[in-house]
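An overview of the molecular structure
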Amino acid sequence: QKEVEQNSGPLSVPEGAIASLNCTYSDRVSQSFFWYRQYSGKSPELIMSIYSNGDKEDGRFTAQLNKASQYVSLLIRDSQPSDSATYLCAVNGFGGGNKLVFGAGTILRVKS
Amino acid sequence: GAVVSQHPSWVICKSGTSVKIECRSLDFQATTMFWYRQFPKQSLMLMATSNEGSKATYEQGVEKDKFLINHASLTLSTLTVTSAHPEDSSFYICSARDGLVNEQFFGPGTRLTVL
């Protein structure tokens, strides 16, 4: 079983719609969860962090965490073509360690 | 805030030469920095964890004698690819962990091409 799993996509949504990106993780002791956006040929950019169960909103982005289900998601409201990128889920604290474990990423395509 | 720089942004070198890549945290102190490699259309691969003032911790399968890491200060880590070969051509990305906010920020990456 992969430590952090994401659907590779591509996930295609029309402009203005809500994009829903999902991620599951295997280590119950993980404490910190992050979403990064990576445009083709560029390095990842941190867009959201979440540490507690529930929702966290920042502009058009909402991160949701459910530690009991070992599940974290990212919602993007009013999706724009500029949101088209690969979204990486990252989990910190695997086995009590300090490094981030990344999922393989979900490709999002927003069609205008 | 939370800016990480890398230099150079791209480099082309001949096979057998060594290449040094610098990673700097510009507005925070980073006790821990990480080095990743990413091949086209593939996932990020963690190469090593660099701790200020101590030896780097390498991931399984990464040759520590080939990829030399030095973390001499709280704002600077360097990766030296020694005796580079064409198969080392890749996108090398560093990241720095801001311990105050428990978040990790990436540099813009260095694209290495070995001829």
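Details of the structure are given in the entry above.
Each residue is numbered by its place in its chain's sequence as written, counting from 1. Chains and ligands are labelled sequentially in the order written, the chains with letters from A and the ligands with numbers from 1. Totals for whole chains, interfaces and linings use every residue, but because this is a predicted model, local features are given only for residues with pLDDT of at least 70 and side-chain atom pairs only at 80 or more, for both listing and counting. Heavy atoms throughout the structure, all of them, feed into the side-chain values; hydrogens and water do not.

**Quick look at the pairing of strand β5 (residues 45-51) of chain B**
Residue and element names in this part refer to chain B. Definition in use: Exposure categories follow from relative accessible area, calculated using a 1.4 Å probe and restricted to protein chains: below 20% of the type maximum is buried, above 50% is exposed, and the middle band is partly exposed. Strands are runs of DSSP state E lasting at least two residues, helices are runs of H or I lasting at least four, and both sets are numbered from the N terminus onward. The pairing criterion is simple: DSSP has to find at least two bridges between the two strands.
Of all seven residues making up β5, five are buried, and the element is well covered by its neighbours. Strand direction decides the pairing type here: strand β4 (residues 32-38) and β5, joined by six bridges, are antiparallel. The partner of Y36 across the bridge, within β5, is L46. Once β4 ends, the chain turns through six residues before running back antiparallel as β5, passing K41 with a positive phi of about 60°. Relative to strand β6 (residues 57-58), β5 is paired through two bridges, and the arrangement is antiparallel. Note that in β6 the partner of T49 across the bridge is T57. Counting the residues between successive antiparallel strands, the hairpin from β5 to β6 contains five residues, one of them, G53, with a positive phi of roughly 80°.

**Structural notes on the nonpolar core**
We count it as follows: Side-chain atoms within 4.5 Å link the members of a nonpolar core, which is a set of buried Ala, Val, Leu, Ile, Met, Phe, Trp, Tyr and Cys residues. Should any heavy atoms of two residues lie within 4.5 Å, those residues are considered in contact.
Residues Y36 and F102 of chain A together with Y36, L79 and L112 of chain B are the most contacted members of the largest nonpolar core, which totals 39 residues. At five residues, strand β9 (residues 90-98) of chain B tops the list of elements feeding residues into this core. Non-local contacts of Y36 of chain B, meaning those with residues more than four positions away in its chain, are made with L100 and F102 of chain A together with L44, M45, L46, M47, F91, Y92, I93, S95, Q104 and F106 of chain B. Within the second largest apolar cluster, 24 residues are counted, among which are W35, L65, I76 and Y87 of chain A.

**A short note on the sheet that holds strand β8 (residues 76-81) of chain B**
All names here are of chain B. Test applied: Fitting a line to C-alpha atoms yields each axis, with helices limited to the stretch in contact; the angle taken between N-to-C directions then spans 0 to 180 degrees.
The strand order β1-β3-β8-β7 describes an open sheet built from four strands, whose pairing is antiparallel. One side of each edge strand has no neighbouring strand; the edge strands of this open sheet are β1 (4-7) and β7 (67-73). Ignoring strand direction, the axes of neighbouring strands in this sheet form an average angle of 15°. Here five bridges tie β7 to β8, and the two strands are oriented antiparallel to one another. Residue pairing in the sheet places I69 in a bridge with L79 of β8.

**Describing the pattern of salt bridges**
Note the cut-off: Here, a salt bridge means any Lys or Arg side-chain nitrogen found within 4 Å of an Asp or Glu carboxyl oxygen.
Evaluation of the coordinates by the stated rule reveals six salt bridges over all chains. The salt bridge partner of D83 of chain A is R60 of chain A, with a shortest N-O separation of 2.9 Å. A residue pair is termed long-range when its members are at least 10 positions apart, and D83 of chain A in the loop between β8 (71-76) and β9 (85-92) and R60 of chain A in the loop between β6 (54-58) and β7 (61-66) qualify at 23 residues. With a closest N to O distance of 2.9 Å, E59 of chain B and K99 of chain A form a salt bridge. Residue E59 of chain B is found in the loop between β6 and β7, and its partner K99 of chain A is found in the loop between β9 and β10 (100-102); the two belong to separate chains. The partly exposed category is assigned to K99 of chain A, whose relative accessible area is 33%.

**Observations regarding the state of the cysteines**
Residues and elements named next belong to chain A. Note the threshold: Throughout, disulfides are identified as pairs of cysteine sulfur atoms within 2.5 Å of each other.
On inspection of all chains with the given rule, the structure shows two disulfides over all chains. The disulfide that involves C23 links it to C89, with 2.0 Å between the sulfurs. Residues C23 and C89 are joined by a disulfide whose S-S torsion is about -70°; by sign, that bridge is left-handed. With C23 in strand β3 (residues 19-25) and C89 in strand β9, the pair connects residues that are 66 residues apart, well separated along the chain.

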